[in-house]
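A look at the structure
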Amino acid sequence: RELPNPEWCATAERNNDPRKCHNAYVSFEPGVAIGCTYKPDRRACTLDWSTETRCPAHKFLSRMYDVRTLSPPEWCNTADARRKDATRCNSAYATTSPGEYGVC
């Protein structure tokens, strides 16, 4: 919902890609985020109310760094240091598309 053109969990792309679905969330109001979950029996990406978080994702992510903004852009497992050091790995995330990310 924070995208320039707000979306819900169920988009054609996320309905066909469980990984993209699980990396998305919906924010109804400042301070509330609800994760998306893939329902294979329905081939649908839906809200998972059990994941409701009362901390905005951007505050959580602000303590981390996005490996896609590095020069050149990386993925979580690109750097040897992140592969060998759990602390370094856990301090990073990768933006997969606007409003979607995966924690390393």
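Here the residue numbers are simple positions, counted from 1 along each chain's written sequence. Confidence filtering applies because this is a predicted model: local features only for residues at pLDDT of at least 70, side-chain atom pairs given and counted only at 80 or more, and all residues used for totals across whole chains, interfaces and linings. Side-chain figures throughout are based on the complete set of non-hydrogen atoms in the structure, without hydrogens or water.

**With respect to the confidence of the model for the chain**
- Each residue carries a pLDDT score, the predictor's confidence in it, ranging from 0 to 100. Of the residues in the chain, 85% reach a pLDDT of 70 or more, and the chain-wide mean stands at 83.
- Counting from the N terminus, the helices are DSSP H or I runs at least four residues long and the strands are E runs at least two residues long. Confidence scores differ between elements of the chain, with helix 3 (residues 57-61) showing the lowest mean pLDDT of 64 and strand 3 (residues 44-47) the highest of 93.

**Let's talk about the pairing of strand 2 (residues 32-39)**
- For the exposure calls, accessible area comes from a 1.4 Å probe over protein chains only, and a residue counts as buried if that area is under 20% of its type's maximum, exposed if over 50%, partly exposed in between. In terms of burial, strand 2 is largely enclosed, as seven of its eight residues are buried.
- One ladder, built from four bridges, connects strand 2 with strand 3; its direction is antiparallel. Bridging from a neighbouring strand, Cys36 pairs with Leu47 of strand 3.
- Taking the residues that link successive antiparallel strands as the turn, the strand 2-strand 3 hairpin has four residues, and the phi of Arg43 there is positive, at about 45°. Think of it this way: DSSP has to see at least two bridges between two strands before they count as a pair.

**Some remarks on the environment of Glu74**
- For Glu74, the location among the structural elements is in the loop between strand 4 (65-66) and helix 4 (80-84).
- With 20 residues separating them in the primary sequence, Glu74 and Ala94 have C-alpha atoms 8.2 Å apart.
- Note on contacts: a residue pair qualifies if any of its non-hydrogen atoms lie within 4.5 Å across the two residues. Here Glu74 is in contact with Val67, Arg68, Ala79 and Arg82, once residues within four sequence places are set aside.
- For this analysis, a polar contact is any N or O atom pair within 3.5 Å, provided that within protein one partner can donate a hydrogen and the other can accept it, and provided that sequence-adjacent residues contribute only side-chain to side-chain pairs. Among the polar contacts listed, one links the side chain of Glu74 to the side chain of Arg82, at a separation of 2.5 Å.

**Section: unusual backbone geometry**
- Along the chain, Ser71 connects to Pro72 via a cis peptide bond; the corresponding omega equals 0°.
- Topologically, Pro72 is positioned in the loop between strand 4 and helix 4.
- Of note in the backbone geometry, Arg43 takes a positive phi value of approximately 45° without being a glycine.
- Within the secondary structure, Arg43 sits in the loop between strand 2 and strand 3.

**Notes on the side chain of Arg82**
- By secondary structure assignment, the location of Arg82 is in helix 4.
- Overall, Arg82 belongs to the buried group, its relative accessible area being 6%.
- Once you skip the residues sitting within four places of it in the chain, Arg82 turns out to touch Tyr65, Val67, Leu70, Glu74, Trp75, Cys76, Arg88, Cys89 and Ala92.

**Observations regarding the state of the cysteines**
- We call a pair of cysteine sulfur atoms a disulfide whenever their separation is within 2.5 Å. In total, this model carries three disulfides according to the counting rule given.
- Put simply, Cys9 and Cys36 are joined by a disulfide, and their sulfur atoms are 2.0 Å apart. When the S-S torsion is -80°, as for the bridge of Cys9 with Cys36, the disulfide is left-handed. With Cys9 in the segment before helix 1 (12-15) and Cys36 in strand 2, this residue pair connects regions lying 27 residues apart in the sequence. You'll find Cys9 and Cys36 in the same group, each marked buried.
- The disulfide that involves Cys76 links it to Cys104, with 1.9 Å between the sulfurs. Judged by the sign of its S-S torsion, about -75°, the cystine formed by Cys76 and Cys104 is left-handed. Here Cys104 lies in the segment after strand 6 (100-103) and Cys76 lies in the loop between strand 4 and helix 4, a separation of 28 residues in the sequence.
- On the basis of relative accessibility, which here comes to 18%, the residue Cys104 falls in the buried class.

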